[in-house]
Amino acid sequence: SKLSTAAFVEALRTFGNDNNTIELVSFDLSAMGMGVVPAAALGFPSEISVNLKSTTEINAGLKAFYQIDDRWSIGGGFTFKHHSDNAVESIASGDVSAANPLVLAKLLETVADMEDGFDEYVLNLTGAYQLNDKMQVSVYGEYTFDESHKQSQNGTDVKAELGVRLNVQF
């Protein structure tokens, strides 16, 4: 047939680990009437190693390609990508025995869900021309819109890509 379609789902499981470090410089304790206080003054080391929680990310999409004739083809697709929030489960290492317990509890509460995840919705279109039996040129465009969580640094106003590909059969 001249129409090709595909549907896909991918899951990426990242297992929690303890090879992540957080640098502790200062704490904003304005809510407690103390202003910004250096971490060392509150009994914290300069950095701690933390155990991250496991996460699962999902990619799912649909693609279609239609062969108009022996030379021309067009296609399009939609992909959804979910990037999970990172979260700290516990402190792995770093001597916090001298740390202020109230500030330590607030620190762990703050990083328990970092709210840094984001979702992407990707639309793409492609037009291809078969130059000869061994070579094809295609023009493609892709537009991604996203929804980022409160602390994510991956949110964008515009994410677009245009390009030309040369496919060669060896």
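Residues numbered from 1 in each chain as written. Predicted model: local features only at pLDDT ≥ 70, side-chain atom pairs only at ≥ 80, totals over all residues. Heavy atoms only, no water.

Draft legend 1. How the structure looks around the sheet that holds strand β5 (residues 47-52). Pairing is antiparallel in the open sheet, where 3 strands are placed in the order β2-β5-β8. One side of each edge strand has no neighbouring strand; the edge strands of this open sheet are β2 (20-23) and β8 (88-93). Sheet twist, expressed as the average angle between the axes of neighbouring strands with direction ignored, equals 45 degrees. In terms of strand pairing, β2 meets β5 through 4 bridges, oriented antiparallel. If you follow threonine 21 over to β5, its bridge partner there is serine 49. (Pairing = 2+ DSSP bridges. Helix = DSSP H or I, 4+ residues; strand = E, 2+ residues; numbered from the N terminus. Axes fitted to C-alpha atoms, helices over the stretch in contact; angles between N-to-C directions.)

Draft legend 2. Focus on the layout of surface pockets. There is about 400 Å³ of room inside the largest pocket. Lining the largest pocket are 18 residues, with Phe27, Lys106, Leu107, Thr110 and Val111 sitting closest to its centre. Contributing elements (two or more residues each) for the lining of the largest pocket: β2, β3 (26-28) and α1 (101-111). The biggest single contributor to the lining of the largest pocket is α1, with 5 residues. (1 Å grid on protein atoms, 1.4 Å probe; cavity = no way out; pocket = protein on both sides within 12 Å on 5 of 7 lines; lining within 4 Å. Points joined across faces, edges and corners; volume = space filled by probe spheres on them.)

Draft legend 3. How the structure looks around the pattern of salt bridges. Per the counting criterion, the structure on display carries 2 salt bridges. Across the salt bridge formed by glutamate 109 and lysine 106, the nearest N and O atoms sit 3.5 Å from each other. Here lysine 106 and glutamate 109 lie together in helix α1, a separation of 3 residues that amounts to about one turn. Taking relative accessible area as the criterion, glutamate 109 reaches 56% and is therefore assigned exposed. We classify lysine 106 as partly exposed; its relative accessible area is 49%. In this structure, glutamate 120 and lysine 159 form a salt bridge, with 2.6 Å as the shortest nitrogen-oxygen distance. Of the two residues, glutamate 120 sits in strand β9 (residues 118-132) while lysine 159 sits in strand β11 (residues 159-168), which places them 39 residues apart along the sequence. Using a relative accessible area of 9% as the deciding quantity, one classes glutamate 120 as buried. (Salt bridge = Lys/Arg side-chain N within 4 Å of Asp/Glu carboxyl O. Buried < 20%, exposed > 50% of the residue type's maximum accessible area, 1.4 Å probe, protein only.)

Draft legend 4. How the structure looks around a nonpolar patch on the surface. On the surface, Leu3, Tyr66, Ile68, Trp72 and Ile74 cluster together to form a nonpolar patch covering roughly 490 Å² of accessible area. Among the secondary structure elements, tyrosine 66 is positioned in strand β6 (residues 55-67). (Patch = residues over 30% accessible without salt bridge, like charges linked within 9 Å, V, L, I, M, F, W, Y side chains within 5 Å. Areas by Shrake-Rupley, 256 points an atom, 1.4 Å probe, with all protein chains shown as cover.)

Draft legend 5. Region of interest: the packing of aromatic side chains. One pass over the full model with this rule turns up 5 aromatic pairs. Counting every residue linked through ring pairs, the aromatic cluster contains Phe80, Tyr121, Tyr143 and Phe145. For arginine 165, the ring lying beneath its charged end belongs to tyrosine 140, and the centroid distance is 3.9 Å. (Phe/Tyr/Trp six-rings, centres within 6.5 Å; stacked < 30°, edge-to-face > 60°. Lys NZ or Arg CZ within 6 Å of the ring centre and 35° of its normal.)

Fair warning: the whole summary comes from geometry, so function is off the table for now.
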